[in-house]
Amino acid sequence: DDLVKADDNSTVGDSTKNITWFVHVTDLHISKFHAPDRTSKFLELVSEILKRVEPSAIVVTGDLTDGKTPDYSGSRQFREEWETYHQAVSLATSKNKTIWLDIRGNHDNFDVPHLHHEQNYFKELSSQGSQGNLGSFKDC
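About the thresholds
- Residues numbered from 1 in each chain as written.
- Predicted model: local features only at pLDDT ≥ 70, side-chain atom pairs only at ≥ 80, totals over all residues.
- Heavy atoms only, no water.
- Pairing = 2+ DSSP bridges.
- Helix = DSSP H or I, 4+ residues; strand = E, 2+ residues; numbered from the N terminus.
- Axes fitted to C-alpha atoms, helices over the stretch in contact; angles between N-to-C directions.
- Buried < 20%, exposed > 50% of the residue type's maximum accessible area, 1.4 Å probe, protein only.
- Lys, Arg positive; Asp, Glu negative; His and termini not counted.
- Salt bridge = Lys/Arg side-chain N within 4 Å of Asp/Glu carboxyl O.
- Contact = heavy atoms within 4.5 Å.
- Expected span 1.5 Å × (residues − 1).
- Arc of directions from axis to C-beta.

A. Quick look at the sheet that holds strand S2 (residues 57–61). The strand order S1-S2-S3 describes an open sheet built from three strands, whose pairing is parallel. Strands with a single pairing partner mark the edges of an open sheet, and in this sheet they are strand S1 (22–26) and strand S3 (99–103). On average, each strand axis in the sheet is tilted by 15° relative to the strand beside it, whichever way the strands run. In this structure, S2 lies alongside S3, joined through five bridges in parallel fashion.

B. Molecular detail of the side chain of Asp66. Examined against the element boundaries, Asp66 turns out to sit in the loop between S2 and helix H2 (79–95). The side chain of Asp66 is buried and forms no salt bridge, while Arg38, the nearest opposite charge, is found at 5.4 Å. Once residues lying within four places of it in the same chain are set aside, the contact partners of Asp66 are His29, Ile30, Ser31, His34, Tyr72, Glu81, His107 and Phe110.

C. A look at helix H1 (residues 36–52). For H1, which comprises 17 residues, the first-to-last C-alpha distance of 25 Å matches the rise-based estimate of 24 Å (1.5 Å per residue) to within 8%. Of the residues making up H1, those classed as buried are Thr39, Phe42, Leu43, Val46, Ile49 and Leu50. For H1, the angular spread of buried residues about the axis comes to 125°, placing them on one side. The outward face of H1, more than 90 degrees from its buried face, is lined by the exposed residues Pro36, Lys41, Lys51 and Arg52. The secondary structure elements touched by the buried residues of H1 are S1, S2, H2 and S3. Positive phi appears at Glu54, one or two residues downstream of H1, with a value of about 50°.

Quick look at the structure:
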């Protein structure tokens, strides 16, 4: 039998004791140019989740930022988008002990040719990047 048996005779029931909550959010596409309500709604959502759910961890998978020009014809990293994203990270990590796990997506790598590039804002303004966890970067 490959299953590990609990030695404490735990049972599943209707109690909220010993429940661990995780929240998963993906493809935020925080944009300097498009859908400003998306950003404000995301910050509001984070605040409400922290207040009502009190999750152990919030997992955010890319695309954290949009990285697209106003007419969508080009791409690059915009510090303002990353600073807005960082507001949510700061809110979650300063108000309680919620762990914030983030991984970048392709939009978060637009025009970032190497890990130490000056526009690699993930390393400074994300939760994992600021802790030195840069494994989600893929050199082209």
